[in-house]
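One letter stands for each residue in the lines below.
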Amino acid sequence: MTFNRDFNRERVFVIILSLLLLLLFVLSLALGTISLSLTDIVHILLPFYPGHLNPIIAKIIIDIRLPRILMAMVVGASLGIAGSKLQTILRNPLASPYTIGIASASAFGAALAIVLGAGIIGWYGTYFIILNPYAIAINAFTFAVIGTIFIALMAFRKGASPTTIILSGIATTFMFSAATSLLQYFGTSEQVTALVFWMFGDLGKANWIEVEITTISLLITFTIVLLLTPRLDALVLGDEVAETLGIRVKLCRIVMLLLASLLTAVPVAFVGTIGFIGLLAPHISRFLVGPIHRHLIPISALVGAELLLAADTASRLVLSPLILPVGILTAFMGVPLFLYLLFSRGAKEW
Amino acid sequence: MVNIKIMNMEFSYKSSSALRGVTFEVREGEVVTLLGPNGAGKTTLLRCIARILRPTKGCVFIDEISLSKISRRILSKNVSYLPQMDETLYPLKVFEVVLLGRIPYMKIKPTPDDIKEAESIIRELGIGNLKNKKYNELSGGEQRKVAIARTLAQNPKVLLLDEPTSHLDLKHQIEIMKTLKSISKTKKISVIMSLHDINLVPRFSDKLVVLNKGEIVYCGDPKDIDIEILEKVYEIKFEVLYNNNGLFYLVPKTS
């Protein structure tokens, strides 16, 4: 029976991709400027494992590598899910979490904090930002939310069509990009450097609290999206058919847009803009398990996590001991993979 | 028994009126064809019945229940709709397309009953050989059959079809029409469809509704229609031919 065969196929991919993620996780923990042995890793992951662990190695793993690796997995999964949903609700395979202008809005929020030293509730000096490392993240997140509300309102007024949302996203991108450029123009060279570095996207900024917040956001949105997957499937058949299948298309599209925004805004606020994962992960996942969303969403999460973790590991190894911002690596690794998918024979299949 | 009643329906696109005082009834298991030139209001009428568009006046009743008073989900268990162009954003398999017709009954994923229902409709329509094929790789006729199977998976009382035979060759047109006629009788589904091929109407329809500029100009047995009404609506002259069963064929006069 087709359904059962597909169901099994999806299960097989979940198992294979989970094992691959585990392998990448261990490799990523082990590799770096200082290479760690498997025993060191097992010591940390299994606290009851007999023997003594060097405190320096323990610190490297717990304070530096583990939060970075977990953040890569969570952010990758978030961007993968957000991309899958957006490509469906916007009826556009080129859509990604940044199509709706969230990256630009976040960047403006970050720029405001870096250049003017402004928090969202008032004006602060540079000293405040140094003391409060979350000022940039809070600003970035707040402006991502403002950008999202702007797009949602525009979309709601004009019937929530994919074209309206995309055009509103483009308008938001240009508006916030221009505002960010203005701030850069008046900023000092140190401030501009800090902002440029923030915009690269870097997982090295991640700490445990940020990992926890991003994980909670991912788990909540992932659960809601899974419950709504039949509605996403209905949208694949077109708005008119979806309506006659009992879906309130306009409401569904706005809810999905808000969920995708949340899935993007939280990671971007903490680690900056990381491109290509949200575009590439859904395409690879659709290639593997097809477009039915109850299969596609979990697979997109796994593929997104793997892509970002692989890119981050590479970013630490390519020019070691220099660590490249992962945002640069995702594009370098993503473009050839994307082109391969596009021009391979299998492209017809997805 | 009257299954569906359309009462005094009106609809306007901004300044232009698309439907005016449209009223007719459809009995259980009856096949009704909407005829009329482009812009007559056929698609608008079907969309209003499916509640894709909100009529400015009038209402639709199914078994005496007003459609405007029931939720969209309950409506989708009673009325299914096939648009003129059936599109899928990503290449779904035929079985997946048909199974999506069960969405009104689904919570998160299809139950074994949903799968059984989809399997049974695929068998009934004779498209079992296409089950594992990609929908976008099928011929136009095959796609239309699959789309009809998807609408039937909704288990509707009323089936609305917007030009189900468009872009199809003669063989596929006849196949689709035979299938619809047979389904309407065996499953007691009322079918309302728009067509452009006048000659299919007397062979496969129980009732003909001719629309012109948003108004009904004829409603009744297709065999009884005065050809002059059609000539007036289409603004061309027809040559009328009859076959051995007394059914007419209309051939447009070109000069």
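Owing to the predicted nature of the structure, the values given are computational and were not obtained by experimental measurement.

**Student:** How should I be thinking about the overall build of chain A in this particular structure?
**Tutor:** Check the secondary structure of chain A and you find 15 helices and two strands. The burial tally for chain A puts 51% of its 350 residues in the buried class. When contacts within chain A are restricted to residue pairs at least 6 apart in sequence, those whose partners lie at least 24 apart make up 76%.

**Student:** What am I meant to see in the confidence of the model for chain B here?
**Tutor:** A low pLDDT means the predicted coordinates there should not be read in detail. Of all residues in chain B, 99% attain a pLDDT of 70 or more, and the chain-wide mean is 89. This complex was scored by the predictor with a pTM of 0.87 and an ipTM of 0.89.

**Student:** Can you help me understand unusual backbone geometry in this one?
**Tutor:** The bulk of non-glycine residues show a negative phi, and the bulk of peptide bonds are trans. Residues and elements named next belong to chain B. Residue asparagine 8 is not a glycine yet carries a positive backbone phi of 50°. Looking at the secondary structure, you find asparagine 8 in strand E1 (residues 2-13). Among the residues examined, asparagine 8 registers 13 C-beta atoms within 10 Å and is labelled partly exposed. Backbone geometry at glutamate 235 places phi at a positive 60°, although glycine is not the residue there. Following the sequence through the fold, glutamate 235 ends up in the loop between helix H8 (227-234) and strand E11 (238-242). By C-beta crowding, glutamate 235 is classed as exposed, having 8 other C-beta atoms within 10 Å.

**Student:** Just to check I follow, could you spell out the pairing of strand E9 (residues 207-212) of chain B for this structure?
**Tutor:** Side-chain direction in a regular strand flips from residue to residue, so the side chains alternate between the two faces of the sheet. All names here are of chain B. Taking burial as the measure, the six residues of E9 include five buried ones, the bulk of the element. Looking at chain direction, strand E3 (residues 31-35) and E9 are connected through four bridges and run parallel. Across the sheet, leucine 34 pairs through a bridge with valine 209, a residue of E9. Judged from the five bridges that link them, E9 and strand E10 (residues 215-220) form a sheet pairing that is antiparallel. Within E10, the position partnered with leucine 208 by the bridge is glycine 220. Remark: two residues form the turn of the hairpin made by E9 and E10, two consecutive strands paired antiparallel; lysine 213 in that turn has positive phi of roughly 50°.

**Student:** Can you walk me through helix H12 (residues 249-271) of chain A in this structure?
**Tutor:** Residue pairs three or four apart in sequence face the same way in an α-helix, which turns once every 3.6 residues. With 23 residues, H12 of chain A extends 33 Å between its outermost C-alpha atoms, agreeing within 8% with the 33 Å of an ideal straight helix rising 1.5 Å per residue. Positive phi shows up at glycine 272 of chain A, right after H12 of chain A, with a value of about 85°.

**Student:** Help me understand the pairing of strand E6 (residues 79-82) of chain B, please; the structure alone is not making it clear to me.
**Tutor:** Residues and elements named next belong to chain B. Along E6, one buried face is formed by Val79 and Tyr81 and the opposite face, lined by Ser80 and Leu82, is buried too. The pairing of E6 with strand E7 (residues 158-162) spans four bridges and is parallel. By the bridge assignment, valine 79 is partnered in E7 with valine 158.

**Student:** Can you walk me through the sheet that holds E10 of chain B in this structure?
**Tutor:** Backbone-to-backbone hydrogen bonds join strands into a sheet, with any given pair of strands oriented parallel or antiparallel. Residues and elements named next belong to chain B. Spatially, E6-E7-E8-E3-E9-E10 is the arrangement adopted by the six strands of the open sheet, whose pairing is mixed. The open sheet has two edge strands with one neighbour each: E6 and E10. In this sheet, adjacent strand axes meet at a mean angle of 15° when their direction is disregarded. Strands in contact with helix H5 (residues 140-153) are E6 and E7; relative to E6, the strand with the most contacts, it is inclined by about 165°.

**Student:** How do you make sense of the nonpolar core when you look at a structure like this?
**Tutor:** The tendency in soluble globular proteins is for nonpolar side chains to be buried side by side. The biggest cluster of nonpolar side chains holds 179 residues, and the ones touching the most others in it are Ile49, Val98, Ala149, Leu160 and Ile192 of chain B. Per element, the largest residue contribution to this core is 15 residues, and it comes from helix H3 (residues 55-89) of chain A. Beyond its immediate sequence surroundings of up to four residues, alanine 149 of chain B is in contact with Val98, Ile121, Ile122, Leu125 and Ile127 of chain B.

**Student:** Help me out: how do you make sense of the packing of helix H4 (residues 102-116) of chain A against H12 of chain A in this one?
**Tutor:** Each pair of packed helices can be described by the angle between their axes along with the distance between the axes. All names here are of chain A. Where H4 meets H12, the closest approach of the two axes is 10 Å, and the angle between their N-to-C directions is 35°. By crossing handedness, the relation of H4 to H12 is classed as right-handed. Along its contact with H4, which presents Ile102, Ala103 and Ser106, the element H12 presents Ser261, Thr264, Ala265, Val268 and Ala269. In terms of residue class, the contact of H4 with H12 is made up of five nonpolar, three polar and no charged.

**Student:** I tried to follow the environment of leucine 70 of chain A on my own but got confused; where do I start?
**Tutor:** With respect to the secondary-structure elements, leucine 70 of chain A resides in helix H3. Taking the C-alpha atoms as reference, leucine 70 of chain A lies 10.0 Å from threonine 214 of chain A; in sequence the two are 144 residues apart.

**Student:** What should I look at first to understand the packing of H3 of chain A against helix H9 (residues 208-227) of chain A in this one?
**Tutor:** Residues and elements named next belong to chain A. Between H3 and H9, the least distance of the axes is 10 Å, while the angle of their chain directions is 30°. Between H3 and H9, the angle is such that the two are roughly parallel. The crossing of H3 and H9 is left-handed. The segment H3 lies against H9, with Pro67, Leu70, Met71, Val74, Val75, Ala77, Ser78, Ile81 and Lys85 engaging Trp208, Glu210, Val211, Thr214, Thr215, Leu218, Phe222 and Val225. Partitioning the contact of H3 with H9 into residue classes produces 12 nonpolar, three polar and two charged.

**Student:** Mind showing me how you'd approach H5 of chain B here?
**Tutor:** Residues and elements named next belong to chain B. Between its first and last C-alpha atoms H5 spans 20 Å; for 14 residues at 1.5 Å apiece the expected length is 20 Å, and the two agree. For H5, the buried fraction is high: 11 of the 14 residues fall into the buried class. For H5, the full list of buried residues reads Gln143, Arg144, Lys145, Val146, Ala147, Ile148, Ala149, Arg150, Thr151, Leu152 and Ala153. Each element contacted by the buried residues of H5 is listed here: E6, helix H3 (94-100), helix H4 (112-124), E7 and helix H6 (170-186). Downstream of H5 by a residue or two, asparagine 155 has a phi angle that is positive, lying close to 55°.

Analysis parameters
- Residues numbered from 1 in each chain as written.
- Chains lettered and ligands numbered in written order.
- Predicted model: local features only at pLDDT ≥ 70, side-chain atom pairs only at ≥ 80, totals over all residues.
- Helix = DSSP H or I, 4+ residues; strand = E, 2+ residues; numbered from the N terminus.
- Buried ≥ 20, exposed ≤ 12 C-beta atoms within 10 Å, placed from the backbone.
- Contact = placed C-beta atoms within 7 Å.
- pLDDT = per-residue confidence, 0-100.
- Pairing = 2+ DSSP bridges.
- Expected span 1.5 Å × (residues − 1).
- Axes fitted to C-alpha atoms, helices over the stretch in contact; angles between N-to-C directions.
- Core = buried A, V, L, I, M, F, W, Y, C linked by C-beta atoms within 7 Å.
- Left-handed = near helix turned anticlockwise from the far one by under 90°.
- Nonpolar A, V, L, I, M, F, W, Y, C, P; charged D, E, K, R; others polar.
- Parallel < 35°, antiparallel > 145°, perpendicular 65-115°, else oblique.

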